[in-house]
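# Residue-level structure breakdown
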Amino acid sequence: MTDVNRPPEDRIGGWTRLVTARPRLSLLIALIFTALAVVAGSGVADRMGSGGWEDPASESAYATKALEKRFPASQPNLILLVDSGKKTVDDPAVAAEARTLAKKLSGEKAVTGVTSYWTTGAPSLRAHDRGEAIIAARILGDESAAGKALERIAPHYRGAHGPVEVRVGGMVAVRHELQSTIQEDLLRAEMIALPITLVLLVMVFGSAMAALLPLGVGIIAILGTDAVLRGLTEFTDVSVFAQNLTTALGLGLAIDYALFIVRRFREELGRGAEKLPAVAATLRTAGRTVLFSALTVAASLAAMLVFPQYFLRSFAYAGIAVVLIAATAALVVLPAALILLGDRVNALDLTRLLRRGRPARGGEPGAGWARLARLVMRRAPVFALATVAGLVALGLPFLRVEFGTADDRQLPSSAESHVVQQHIREGFPGGPGGAVEVLAEGGSTSTKALADYSAKVSALPQVLRVDSPAGRFADGRQVAEPGPAEAARLSDGSAEITVQPKGEAVDTASQDLVRTIRAQEPSFTTSATGTAAVLVDTKDSIADRLPWAAAIIVAVTLLLVFLLTGSVLIPIQAVLLNALSLTAMFGAVVWVFQDGHLSGPLAFTTSGDIETTLPVLMFCVAFGLSMDYGVFLLSRIKEEYDRTGDHQAAVEFGLRRTGGLITAAALILAVVMVGIGTSRVTNTKMLGLGIALAVLMDAMVVRGLLVPAVMKLTGRATWWAPGPLRRLHTRFGLSEGESTDATTGGEADGRRCGGKGGGPHGKAGPQGKGGPHGEDGPHGEDGPHGEDGVRGEGEKARDRDRVSTGR
């Protein structure tokens, strides 16, 4: 049959012809692309960083770089924790061995600023019980170079040395262990998620052949994104944490997209369509929805590009790449595979053994979801209020969130760098590593000016002591004269001043202290850095750019959902309900990871706060995934509403057709995210488990209960749009329907609905010959009350079609 002679629903579009003209060639190109991606993306993890939480344009970032250059000893990133065993650190044998180790470390390549308790006598470098003391130094270079230097140096110092035992810690060790732990955990997560995902796909499709297709798309997406990230590392910093998102989204979205495309293709075959028309109908309907979904998810992730922290920007790079590659593979590779497979897409039905001996289940597929939809819509106010109240209640713990910075407690409690930092936190005075470092430059940095400033700062109630070139100060007065160590705090008209707070490194008092120090007005210019200062700058940076990120997400979502539905109200509903679906995730994050509930079963160490950038990341990812499911549901509701003009029936139809599929997709994505959540790194665990909870709540609660309840309450007004916007949608909008919205009228609608005049009620009016939808409408000659009595022939044919396709 030529394309001209085909009915409109079976005509072959240009895109279908393009991707199916040479299917074997398309698959060969995909195979070559995947092989090249494996080569291009190899070793990408070794080129990634494990930091990126700081704003590079902040005051703390400037001070850190300046101090590192002028006073490297003030910014140690390597710590050797020396344990004297049964002796004290002042024992002559212990002191001699420690000085030998410090001298040896000073001679190491790329190491500078070596200092220790035994050379300075600083009380902050000695434990309260005098059983441990510190040798500190700085390894020069970026994260990658410092990590390689640590690998070379650490084995020569770790372990027993005469009367002492040495452990290696410091930020460079923490980041190195984070990187290696994430790589190991990611491999384990893939080994857990892939076989479980395959089993679930077989259960969903009932066919091993169909189940392999989503995994193929996922592998292409993951490997392709690794290659993209490898290329980006040549130009910018990329966080190693982004690889977890690559795996999760690569599998999750590929499975989502392939589920809907393969399911639609099988429905078209079930209707008796040939392979090529079936692919054409699939791309015209589910393919459009996949495109809209990919754009929505990509827009949510792209919002993270407005933040300066490369930790967040890395997730945007990885997320956008994996979404677009997954969508491209689903819209290019899958159609080619489906053309070659045809009916064999249903081959290798592994569920027959499970069904053997069981009676066949009766009823229409999706009937349970249809009953749920009817129940919810009958009691719409009750379900809407109860669901909203429940979700809000689950999110209440987030109101007491405390933001902090990522540190060694991200690692397992057995990790060496975690052990070192924990010993320092618990056993050393003033919490070494939590000091506020102040760079003084410009103006008058005379000894007297520095002494006056140091005395004033030391008098602040949150300050334990101040060390400066003018000496040591406490309680507003000088307590020690300057010595050789203090003299080293002057360099080329610049000075380094260390303010030791009384409390924890990043508690509220320390953050307030940073603000107070920055508010001082000495005769010289000051720049403050340190853990608390970095946190203050990060929070300010996030707060400054968060409205822009939210505006981007909301604006793009409103636009895309409007183009999909032609409604003004539905996009607003989608944004609000999606945001509401995330409340349980944010409440659980605080209750579990900040408050420490379930820290035993989940095997993590709580720091009493949440890393500042993580909620932003989780919101962008979870919002995009929620919109993914929302688009699939709304597209089928819109399709049925275009066909019948019956709002309530369209909502029921949409839930019946997509409820089980969305739930299956959410369950599979949750399995992938839980696999990521088995990580030993707390942030990764939080990301995986939190998003798993979010997608399950969205798919099962919001899509199953809240959406039908709200759409019932808004009624036909759900589909309203003013004239100019309606014309805009007519021209530019896309949906899973075959033409424009039935409610907008026009000649095309009249033809589709069987009317003469084209309006929603046809030429004959609401109850005339055409009924609501013209001659073939629900109340026309072939409708349920046509010439054939209670059920006309047209309606019977539609019912047979629905049963045969699972509609």
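Predicted, not measured: the structure shown is a model, and the values here were computed from it.

A count of helices and strands for the chain gives 28 helices and 14 strands. The buried share of the chain, reckoned over its 807 residues, is 56%. Within the chain, contacts between residues at least 6 apart in sequence are counted, and of these 76% link residues at least 24 apart. A total accessible area of about 32800 Å² is found for the chain, and carbon and sulfur atoms account for 60% of it.

Here the focus is unusual backbone geometry. If a residue is not glycine, its phi is most likely negative; likewise, a peptide bond is most likely trans. Of note, Asp492 is a non-glycine position whose phi angle comes to about 50°, a positive value. By secondary structure assignment, the location of Asp492 is in the loop between strand E11 (490-491) and strand E12 (494-501). Residue class for Asp492 comes out exposed when judged on its relative accessible area of 79%. Phi at Leu598 is positive, roughly 70°, even though this residue is not glycine. Mapped onto the elements of the fold, Leu598 is located in the loop between helix H21 (583-594) and helix H22 (599-602). A relative accessible area of 43% places Leu598 in the partly exposed class.

Here three bridges tie strand E9 (residues 471-474) to strand E10 (residues 477-480), and the two strands are oriented antiparallel to one another. Bridged to Arg472 within E10 is Ala480. Between E9 and E10, which follow one another and run antiparallel, lie two residues, and Asp475 among them has a positive phi close to 55°.

Attention shifts here to the packing of aromatic side chains. Between two aromatic rings, the relevant description is the distance of the centres plus the angle of the planes. Inspection of every chain in the model, using the stated rule, returns 11 aromatic pairs. Summarising the aromatic geometry, the rings of Phe241 and Phe311 are spaced 5.6 Å apart at their centres and angled 75° between planes, so their arrangement reads as edge-to-face. With Phe241 in the loop between helix H8 (208-232) and helix H9 (242-270) and Phe311 in helix H11 (residues 310-341), this pair connects stretches of sequence that are 70 residues apart. Measuring from centroid to centroid gives 4.6 Å for Tyr641 and Trp719, while their planes differ by 10°, and the two rings are stacked. Taken together, the residues Tyr641 in helix H23 (residues 614-644) and Trp719 in the loop between helix H25 (682-714) and helix H26 (723-732) connect sequence positions 78 residues apart. With respect to class, Tyr641 is no different from Trp719; both count as buried.

This model, assessed by the stated rule, comprises 33 salt bridges. Taking the shortest distance from any N to any O, the salt bridge between Glu441 and Arg70 comes out at 2.8 Å. Placement of Glu441 in strand E7 (residues 436-441) and of Arg70 in helix H3 (residues 59-70) is noted, with a sequence separation of 371 residues between them. Close ionic contact of Asp698 with Arg703 constitutes a salt bridge, the shortest N to O distance being 2.9 Å. Of the two residues, Asp698 and Arg703, neither departs from the other in class, the shared state being buried. When salt bridges with common partners are traced through the structure, they connect Arg264, Glu267, Glu268, Arg271, Arg636, Glu639 and Arg657 into a single cluster.

The interhelical angle for the contact between helix H14 (residues 380-395) and H21, taken along N-to-C directions, is 25°, at an axis separation of 6 Å. With respect to H21, the element H14 is oriented roughly parallel. Relative to H21, H14 is oriented so that their crossing is left-handed. Facing H14, whose interface residues are Leu391, Val392, Leu394 and Gly395, H21 presents Thr583, Ala584 and Gly587.

Its place among the elements puts Ser293 in helix H10 (residues 275-302). Not counting residues up to four positions away in its chain, the partners in contact with Ser293 are Tyr257, Asp628, Val631 and Phe632.

Let us look at the pairing of E7. Burial of E7 is extensive: six of the six residues sit out of reach of the surface. The two faces of E7 match: Val436, Val438 and Ala440 on one face and Glu437, Leu439 and Glu441 on the other face are all buried. Both E7 and E12 contribute to a ladder of five bridges, which runs antiparallel. Bridging across to E12, Val436 finds its partner in Val499. As paired strands, E7 and strand E13 (residues 525-529) are joined by five bridges and run antiparallel to one another. The partner of Leu439 across the bridge, within E13, is Ser527.

Another aspect to go through is the sheet that holds strand E2 (residues 111-116). In space, the five strands of this open sheet follow the order E2-E3-E1-E5-E4, with antiparallel pairing throughout. The open sheet has two free edges, formed respectively by E2 and strand E4 (159-161), since each of these has just one partner strand. Here the average twist between neighbouring strands, direction ignored, is 25°. Two elements, E4 and strand E5 (residues 164-169), share three bridges in a ladder whose sense is antiparallel. In the sheet register, Gly159 faces E5, and the bridge partner there is Val166.

Membership of the largest hydrophobic core comes to 156 residues, with the highest contact counts inside it found for Tyr257, Leu259, Met304, Val323, Val345 and Leu617. Not counting the four nearest positions on each side in its chain, Tyr257 is found in contact with Val290, Ser293, Ala294, Val297, Val323, Ala326, Ala327, Ala330, Asp628 and Phe632. Of all hydrophobic cores here, the second largest spans 38 residues; its members include Trp118, Ala127, Ile139 and Phe428.

With that out of the way, let us pick up helix H15 (residues 416-427). An ideal rise of 1.5 Å per residue puts 16 Å on 12 residues; H15 measures up with 16 Å between its terminal C-alpha atoms. Listed in full, the buried residues belonging to H15 are Glu416, Ser417, His418, Val419, Val420, Gln421, Ile424 and Gly427. Of the surrounding secondary structure, the elements contacted by the buried residues of H15 are strand E1 (78-83), strand E3 (132-139), E5 and helix H7 (171-205).

What follows concerns a nonpolar patch on the surface. On the surface, a nonpolar cluster with roughly 580 Å² of combined accessible area is contributed by Leu25, Leu28, Ile29, Leu31, Ile32 and Leu36. Here Leu28 is to be found in helix H2 (residues 23-40). Look at Leu28 and you get partly exposed, because its relative accessible area is 44%.

All right, on to the confidence of the model for the chain then. Summarising the model, the chain shows a mean pLDDT of 83, and 86% of its residues fall at 70 or more. Every residue in residues 736-807 scores below 50 in pLDDT, and together they form 141 contacts with partners more than four places removed in sequence or on other chains.

Here the focus is the packing of helix H6 (residues 143-153) against H7. Look at H6 against H7: their axes get within 10 Å of each other, and the N-to-C directions meet at 95°. As summarised for this structure, H6 and H7 are arranged roughly perpendicular, according to the angle between their axes. Counted together, Glu143, Ala146, Gly147, Leu150 and Glu151 of H6 and Val172, Ala173, Arg175 and His176 of H7 form the full contact between these two elements. Tallied by class, residues from the contact of H6 with H7 come to four nonpolar, two polar and three charged.

Rules behind the numbers
- Residues numbered from 1 in each chain as written.
- Predicted model: local features only at pLDDT ≥ 70, side-chain atom pairs only at ≥ 80, totals over all residues.
- Heavy atoms only, no water.
- Helix = DSSP H or I, 4+ residues; strand = E, 2+ residues; numbered from the N terminus.
- Buried < 20%, exposed > 50% of the residue type's maximum accessible area, 1.4 Å probe, protein only.
- Contact = heavy atoms within 4.5 Å.
- Areas by Shrake-Rupley, 256 points an atom, 1.4 Å probe, with all protein chains shown as cover.
- Pairing = 2+ DSSP bridges.
- Phe/Tyr/Trp six-rings, centres within 6.5 Å; stacked < 30°, edge-to-face > 60°.
- Salt bridge = Lys/Arg side-chain N within 4 Å of Asp/Glu carboxyl O.
- Axes fitted to C-alpha atoms, helices over the stretch in contact; angles between N-to-C directions.
- Parallel < 35°, antiparallel > 145°, perpendicular 65-115°, else oblique.
- Left-handed = near helix turned anticlockwise from the far one by under 90°.
- Core = buried A, V, L, I, M, F, W, Y, C linked by side-chain atoms within 4.5 Å.
- Expected span 1.5 Å × (residues − 1).
- Patch = residues over 30% accessible without salt bridge, like charges linked within 9 Å, V, L, I, M, F, W, Y side chains within 5 Å.
- pLDDT = per-residue confidence, 0-100.
- Nonpolar A, V, L, I, M, F, W, Y, C, P; charged D, E, K, R; others polar.

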